[in-house]
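Structural characterization, general
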Amino acid sequence: MSNRPDVVRTSTADLYDAHVLKNYGRPALTLVRGSGSHVWDDQGGKFLDFTSGIAVSALGHCHPHWVASVQRQAGELIHTSNLFRNPNQGELARRLVGYAGPGRVFFCNSGAEANEGLLKLARLHGATKAGGEEGKCYKVICAKSAFHGRTFGGMSATPQEKIQKGFRPLVPGFAFGELNNLASFEALIDDQTAAIFVETIQGEGGVNSATTEFLLGLRKLCNQHNLLLMLDEVQCGVGRTGKFFAYEHAGVRPDAIGMAKGLGGGFPIGAIWIGEKAADLFQPGMHGTTFGGTPLACAAALAVLDVIEKEKLMEQVSRASGSWIEALTELATDFPAQVLGVRGRGFMVGIQLASDPAPYVAALRDAGLLVPSAGGNVIRLLPPLNATADELASSVEILRSVFVAKK
Ligand SMILES: *Cc1c(COP(=O)(O)O)cnc(C)c1O
């Protein structure tokens, strides 16, 4: 009960209608509780959650080790700013360098903020190339179907009308090649180019993987022209594909990496890793953030890494995704009029439909499975990294039932 007599109790739907910004079109669903791969709504409805907060809840909901770590840290020290050191940030940086290689890490709060750091890094590298002069070498080449976030830098690197419309003029200096068409990237390189920036696997764009050949080709171009190869691993990183970073499958070595979504297991945290070649371009005073890398956020991320390692979740993703993706691919064979193909890697999978995915996403929700859509008529499946074989099989059965019903 509210102790303020003037407060009228209203439904969550009414509160959203009255007071929350209208920038999302949401279904009539209010989630109140989660455990493992499942969430419950305020009506007692139970859902298999393969949205995972958009690839964020890497350990599922309320993993006991994660909950205990966050609770313990919350009672000890939550926030100090980056004006001081805290032990968790140092340890998390060490662990990430262990995965990415020699270099340095900066912590922030989201994917877009991580990418802003990378775009600023590209400017610093460009200025170095231009003998220290600003504004001479600053261009970044990205992919046409990319998504890099909603900030001005991120939007400017995301050439989608639905993202950019209404917000122009954008940040100058971006050019766009065709994913997996190396020649289209090479043709855009000139004296003003500082970096190439792509998602290893595009998420919002429709689960499109950069091929090994393409990534190795970009690496070569970057070496030839002294460009930074920067990879956006915000969605595909932190174990989602069965390797810590998705680029590891290609055996390529980037100069810088952006990560966020799965890193905190639900607690907001982003990070950039910068390899030795460029790590020292950021000097005191050149970049910052108030909230990044708090003791609490880093405790959450350390708990995620602990569980990924102790429960061998990357091995599990590799193992379990094989038969799961096979079963999903059978849906394309069984429902050729509805399903055009299945793609992706590990627990980042896209089912390309022949039509708008929105009615399918709604029907799947009614049937008890929560999934997000993506560009190019794609339904995305983003299970937590510890989803069980039964849960994966259950997702296939629910999909099958919806394809049967819509046949
Ligand atoms: C989600 C996402 C972003 C943006 O992250 P936010 O935390 O929403 O700012 C950037 N890049 C990729 C690849 C993403 O999937």
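Residues numbered from 1 in each chain as written. Predicted model: local features only at pLDDT ≥ 70, side-chain atom pairs only at ≥ 80, totals over all residues. Heavy atoms only, no water.

By the naming in an unreviewed UniProt entry, the protein goes by Acetylornithine aminotransferase and is assigned to Rariglobus hedericola. Taken directly from UniProt, the Pathway (unreviewed entry) text for the protein runs: "Amino-acid biosynthesis; L-arginine biosynthesis; N(2)-acetyl-L-ornithine from L-glutamate: step 4/4." According to UniProt, the comment filed for the protein under the heading Subunit (unreviewed entry) is "Homodimer." (UniProt positions renumbered as here; feature names shortened; annotations may be inferred.)

Below, the discussion takes up the packing of helix α12 (residues 358-366) against helix α13 (residues 389-405). The geometry of α12 relative to α13 is characterised by a closest axis approach of 10 Å and an angle of 120 degrees between their N-to-C directions. It follows from the interaxial angle that α12 and α13 lie oblique. The two elements α12 and α13 cross, and the hand of that crossing is right-handed. Of the residues in α13, those in contact with Tyr360, Ala363 and Leu364 of α12 are Ile398, Leu399, Val402 and Phe403. Counted by class, the contact of α12 with α13 contains seven nonpolar, no polar and no charged residues. (Axes fitted to C-alpha atoms, helices over the stretch in contact; angles between N-to-C directions. Helix = DSSP H or I, 4+ residues; strand = E, 2+ residues; numbered from the N terminus. Parallel < 35°, antiparallel > 145°, perpendicular 65-115°, else oblique. Left-handed = near helix turned anticlockwise from the far one by under 90°. Contact = heavy atoms within 4.5 Å. Nonpolar A, V, L, I, M, F, W, Y, C, P; charged D, E, K, R; others polar.)

This next bit is on the UniProt feature "binding site: pyridoxal 5'-phosphate" (unreviewed entry) in the protein. If you check UniProt for "binding site: pyridoxal 5'-phosphate" (unreviewed entry), the listed places come out as Gly111, Ala112, Phe147, Asp232, Glu233, Val234, Gln235 and Thr290 in our numbering. Judged by maximum C-alpha separation, these annotated positions cover 180 residues in sequence and are scattered in space, the widest gap reaching 25.2 Å. Within the secondary structure, Gly111 is located in helix α5 (residues 111-129). According to the relative accessible area criterion, Gly111 is buried, its value standing at 13%. Setting aside residues no more than four positions away along its own chain, Gly111 makes contact with Val234 and Ala260. Its place among the elements puts Phe147 in the loop between β5 (139-143) and α6 (152-156). With relative accessibility at 19%, the residue Phe147 sits in the buried group. When sequence neighbours within four positions are dropped, the list of residues in contact with Phe147 reads Thr158, Ile163, Glu199, Glu204 and Asp232. (Buried < 20%, exposed > 50% of the residue type's maximum accessible area, 1.4 Å probe, protein only.)

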